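Residue-level listing of the chains:
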2 protein chains.
Amino acid sequence: MRAAVVGLGLIGGSLAMALKGYPGLRVTGVVRSENTLRKAVERRVCDEVTMDPMEALAGAELVWLCMPPKAILSFLEEHKGDFRPGAIVTDVCGVKTAVMQAARALPETVDFIGCHPMAGKETSKLDNAEATLFQNAHFILTPRPESDLAHVALLEDMAQYMGFRDTVRTTPEEHDAMIAYTSQLMHVMAVAVCDDAELERCMGFEGGSFRDCTRVAALDVPLWTELFSLNAPALARSIARLEDNLRAYRQALEAGDTRLLEEKLTASSGRKRKTLTDRPE
Amino acid sequence: MRAAVVGLGLIGGSLAMALKGYPGLRVTGVVRSENTLRKAVERRVCDEVTMDPMEALAGAELVWLCMPPKAILSFLEEHKGDFRPGAIVTDVCGVKTAVMQAARALPETVDFIGCHPMAGKETSKLDNAEATLFQNAHFILTPRPESDLAHVALLEDMAQYMGFRDTVRTTPEEHDAMIAYTSQLMHVMAVAVCDDAELERCMGFEGGSFRDCTRVAALDVPLWTELFSLNAPALARSIARLEDNLRAYRQALEAGDTRLLEEKLTASSGRKRKTLTDRPE
């Protein structure tokens, strides 16, 4: 089986490396710059590397789109006629409704199955890619109702091979509502904390919690601007709920209501502990 | 030199272990339960362990109070006459104004110097103590104007020996204003996120950012109720500022203002990156 991984950045590069040795698979990387091409060859990221997407698509039974969100949307539009009949096409985009909508432009002969490998770090590009990036991460799939179940199973098998902790199938709408809270909100929170005028003065007084909570604030701006914009309503609702929950803590403190504070902390920390019991981290 | 570490919980236990081998130092642990006494002896946490604070205080040239905040305040009140003349007394409390105020009750022959080892984890008690807990952590000191500088230097030397990343001297008021933001706010944020009705449904869709940002939500409720209550005004102000900063992001999203969103993300992530350049994590 021939696979084309389009875009060898942090995610595409890590994905190609993590797929190395998958039985019967030969991977072609598709890149746009000679610089990335040279690096990909040097690091033996995949079996072949090309700068010609048409050539790669013509030969690929599996195509994995690993570019930023809007580049995936335009690639689908531009190359809708270039995929091999019978090909499985998938992606890595952190929002799924917009991608699944764009994929409707593809001919019926192509099986598009949305994917979201829930991994990343604050440094982008192939230089930072690593085969172990997906360890302990969730692999989310958003198949269409008409998707071939054998194709879905193949992607799940590959996810397992790449070291993902588990695979979850859901709808694009559910996915986007969930990750507004679990992922996008964490990034908004981290940058909002760094907007505080105290930030600079307070360095030297930060503990592990500060380092952990603001780690993702050093984000890839164009990528996250796209991700947030493509999921704006769900994310805005998540932020509003967090504002409400923070206000309740603030009001308990302002009222000097230690009993309410203790009750709230008992409930919240209990909810957190329950997630740890249900799914140890 | 004889030191008494009063309270062999997570912090006191780790501190005693980290001080092991400090030149010329002999450490007596003071505990309240036979269970902890037995464990401390088994794990050789310190040179001696006793359940009699009076005996330990009578012999100690250095006393390190490692109990929860309010227990430190009442210990100072109860034992103000029991410290050895010339003794250095210090503590580990995460708020400093209240402790420094309580220490005013001590006789002039005792040098009280507030300390805050900025380390911890979500599990408490001696079972979870470890000599390496303080690696990469800040050690904050709040000496009084009349403190003996040789005593301050001794504590700083011990902090270095225990593996702290650095030591910082400041005033109790400054300390409390700073940690309201760098530490307490991170804990409020983490519990507020876990108050979201979506929490349970969303497990399976969380990434590294969710795990990191909510890690501290599984907090020690009595301890953090005390810490928050003893610093309520500063913490409430920090929460209010975060609410404002979150609202600004929400409004940009609701307005569909991608340009403003990108500008805000550029500024915030730049502020975060600058802290990383100034002080690599």
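Preceding block: the structure.
Each value, and the rule that gives it
Residues numbered from 1 in each chain as written. Chains lettered and ligands numbered in written order. Predicted model: local features only at pLDDT ≥ 70, side-chain atom pairs only at ≥ 80, totals over all residues. Heavy atoms only, no water. Helix = DSSP H or I, 4+ residues; strand = E, 2+ residues; numbered from the N terminus. Buried < 20%, exposed > 50% of the residue type's maximum accessible area, 1.4 Å probe, protein only. Phe/Tyr/Trp six-rings, centres within 6.5 Å; stacked < 30°, edge-to-face > 60°. Lys NZ or Arg CZ within 6 Å of the ring centre and 35° of its normal. Polar contact = N/O pair within 3.5 Å; in protein donor to acceptor, adjacent residues only side chain to side chain. Contact = heavy atoms within 4.5 Å. Pairing = 2+ DSSP bridges. Axes fitted to C-alpha atoms, helices over the stretch in contact; angles between N-to-C directions. Least-squares fit on C-alpha atoms with pLDDT ≥ 70 in both. Salt bridge = Lys/Arg side-chain N within 4 Å of Asp/Glu carboxyl O. Buried area = accessible area lost by both parts, 1.4 Å probe. Nonpolar A, V, L, I, M, F, W, Y, C, P; charged D, E, K, R; others polar.

K.L.:
What's the story with unusual backbone geometry in this structure? I'm lost.
P.N.:
Excluding glycine, most residues fall at negative phi; most peptide bonds, likewise, are trans. Residues and elements named next belong to chain B. Positive phi, close to 75°, is recorded for K125, a residue that is not glycine. Relative to the elements of secondary structure, K125 occurs in the loop between β6 (111-117) and β7 (138-142). The exposure class assigned to K125 is exposed, which follows from its relative accessible area of 57%. At N136, a residue that is not glycine, the phi angle is positive and equals roughly 70°. Turning to its location among the elements, N136 is positioned in the loop between β6 and β7. Since its relative accessible area comes to 34%, N136 is described here as partly exposed.

K.L.:
I keep staring at the packing of aromatic side chains and nothing clicks. Help me out?
P.N.:
When we look at a pair of aromatic rings, we describe it by the centre distance and by the angle of the planes. For the structure shown, the criterion picks out 14 aromatic pairs over all chains. When the ring of Y22(A) is compared with that of Y161(A), the centres are 5.2 Å apart and the planes differ by 85°; the resulting orientation is edge-to-face. One end of the pair, Y22(A), is in the loop between α1 (10-18) and β2 (26-30); the other, Y161(A), is in helix α6 (residues 149-161), with 139 residues separating them in the sequence. For Y22(A), a relative accessible area of 10% puts it in the buried group. By way of ring pairs, the aromatic residues W64(A), F134(A), F139(A) and F164(A) are connected into one cluster. In this arrangement the basic side chain of K264(B) is found over the ring face of Y249(B), its NZ or CZ atom lying 4.4 Å from the centre.

K.L.:
Even after reading the chapter, I still don't get the side chain of S268(B), so can you show me in this structure?
P.N.:
Secondary-structure assignment places S268(B) in helix α12 (residues 258-278). Among the polar contacts made by the side chain of S268(B), one reaches the side chain of D195(A) at a distance of 2.6 Å. Setting aside its immediate chain neighbours within four residues, S268(B) contacts V191(A), C194(A), D195(A) and Y249(B).

K.L.:
Please clarify how the sheet that holds strand β1 (residues 2-6) of chain A should be interpreted in this entry.
P.N.:
By definition, the strands of a sheet pair up through backbone hydrogen bonds, in either a parallel or an antiparallel sense. Residues and elements named next belong to chain A. Strands sit in the order β3-β2-β1-β4-β5-β6-β7-β8 across an open sheet of 8 strands; the sheet is mixed. Strands at the two margins of the open sheet, each flanked by one partner only, are β3 (48-50) and β8 (166-169). For this sheet the average axis-to-axis angle between neighbouring strands, irrespective of direction, equals 25°. Of the strand pairs in this sheet, β1 and β2 are connected by 5 bridges, and their pairing is parallel. Residue pairing in the sheet places V6 in a bridge with V30 of β2.

K.L.:
Help me out: how do you make sense of the relation of the copies chain B and chain A in this one?
P.N.:
When chain B is fitted onto chain A, the two copies agree to an RMSD of 0.0 Å after a turn of 180° and an axial shift of 0.0 Å. Taken together, the rotation and translation describe the operation of a two-fold axis. In terms of proximity to the rotation axis, the leading residue of chain B is C213(B), whose C-alpha is 2.2 Å off the axis. Interface overlap between copies: 100% of the residues of chain B at the interface are likewise at the interface in chain A, consistent with a symmetric, same-surface contact.

K.L.:
For this particular structure, what's the right way to read the pattern of salt bridges?
P.N.:
Pairs can form between side chains of opposite charge once their charged atoms are near each other. Summed over the entire model, instances satisfying the criterion amount to 42 salt bridges over all chains. Residue K39(B) pairs with D127(B) through a salt bridge whose shortest N-O separation is 3.1 Å. Of the two residues, K39(B) is situated in helix α2 (residues 34-42) and D127(B) in the loop between β6 and β7; the sequence distance between them amounts to 88 residues. Note on K39(B): relative accessible area 23%, which makes it partly exposed. Under the relative-accessibility criterion, D127(B) is labelled partly exposed at 45%. Note that K80(B) is salt-bridged to E77(B), the shortest N-O span being 3.0 Å. Each of E243(A), D244(B), R247(B), R250(B) and E254(B) takes part in a single network of salt bridges with overlapping partners.

K.L.:
Would you explain the pairing of strand β1 (residues 2-6) of chain B in this entry?
P.N.:
All names here are of chain B. Across the 5 residues that make up β1, a large majority, 4, are buried. Across 4 bridges, β1 lies against strand β4 (residues 62-65) in parallel orientation. Considered in β4, the bridge of V6 is made with L65.

K.L.:
Please clarify how the sheet that holds strand β5 (residues 88-91) of chain B should be interpreted in this entry.
P.N.:
All names here are of chain B. A sheet is described by the order of its strands in space; here 8 strands give the open sequence β3-β2-β1-β4-β5-β6-β7-β8, paired in mixed fashion. Because the sheet does not close on itself, it has two edges, and the strands there are β3 (48-50) and β8 (166-169). The mean angle between the axes of side-by-side strands here comes to 25°, regardless of whether they run parallel or antiparallel. When β7 meets β8, the two strands line up parallel, connected through 4 bridges. Across the sheet, the residue bridging to I140 is V168, located in β8. Together, β1, β4, β5 and β6 form the strand contacts of helix α4 (residues 69-78), whose direction differs from that of β4 by roughly 140°.

K.L.:
Explain the interface of chain B and chain A to me, please; I cannot follow it from the model alone.
P.N.:
One frequent convention defines the size of an interface as the accessible area lost when the parts assemble. Across the boundary between the two partners, chain B contributes 84 residues, which contact 84 residues of chain A. Interface area for chain B against chain A, summed over the two sides, is near 8,300 Å², with a carbon-plus-sulfur share of 65%. A per-residue breakdown of the area chain B buries against chain A is headed by Y181(B), F205(B) and L246(B), which together make up 10% of the total. Among the salt bridges present, the one from R247(A) reaches E243(B), with a minimum N-O distance of 3.9 Å. Here chain B and chain A share 30 residue pairs in polar contact (both at pLDDT 80 or more) between them. Breaking the side of chain B that touches chain A down by element, the ones donating at least two residues are β7, α7 (172-194), α8 (199-202), α9 (208-214), α10 (221-229), α11 (232-254) and α12 of chain B. For the side of chain B that touches chain A, the leading source of residues is α11(B), giving 15 residues. Of the residues in the side of chain B that touches chain A, the class split is 40 nonpolar, 19 polar and 25 charged.

K.L.:
It is not clear to me how the environment of H138(A) should be interpreted in this structure. Could you clarify?
P.N.:
With respect to the helices and strands, the residue H138(A) is situated in strand β7 (residues 138-142). By relative accessible area, which is 0% here, H138(A) ends up buried. Taking the C-alpha atoms as reference points, H138(A) and K272(A), separated by 134 residues in sequence, lie 19 Å from one another. Engagement of the side chain of H138(A) in a polar contact is seen with the side chain of E206(B), the distance being 3.0 Å.

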